[in-house]
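# Inside the fold
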Amino acid sequence: MTKNKIFETIKKYTYEIAPELEGKVIEPTDSLKNLGIDSVNRAEIIMMVMEDLSLNIPRIELAGAKNIQELADLFAAKLEANNGK
């Protein structure tokens with residue numbers, strides 16, 4: 001799966017969890033926090049994306065992501081590492 005598809009997956013679940021964002025363009029440089037999504041809902045979005053990608057990543061490994069693109073990059077790297085095994 002490409003980074004762009006992962007980004008689109010994150011956006012899909014962001015809109016699902018925060019329907020008030022419908023109609024707002026979510027950019028790769030946006031952070032979930034800056035979009036107004038609280039920590040509980042951010043965790044829910046991350047869980048939904050991991051389930052969609054069949055990944056199980058400790059949350060601490062994702063904590064360094066400053067924006068949605070960095071989060072997508074982390075997911076892509078984990079997918080690549082898992083596919084290499």
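The sections below set out a description of the structure shown in this document. (Residues numbered from 1 in each chain as written. Predicted model: local features only at pLDDT ≥ 70, side-chain atom pairs only at ≥ 80, totals over all residues. Heavy atoms only, no water.)

To continue, consider the pattern of salt bridges. In the structure shown here, the tally under the stated rule is four salt bridges. In this structure, Lys3 and Asp73 form a salt bridge, with 3.7 Å as the shortest nitrogen-oxygen distance. Residue Lys3 is located in helix H1 (residues 3-17), and its partner Asp73 is located in helix H3 (residues 68-83); the two are separated by 70 residues in the primary sequence. Judged by relative accessible area, which is 45%, Lys3 ranks as partly exposed. Salt-bridge contacts for Lys12 lead to Asp52; the nearest nitrogen and oxygen are separated by 3.8 Å. In this pair, Lys12 sits in helix H1 while Asp52 sits in helix H2 (residues 39-53), placing the two residues 40 residues apart along the sequence. (Salt bridge = Lys/Arg side-chain N within 4 Å of Asp/Glu carboxyl O. Helix = DSSP H or I, 4+ residues; strand = E, 2+ residues; numbered from the N terminus. Buried < 20%, exposed > 50% of the residue type's maximum accessible area, 1.4 Å probe, protein only.)

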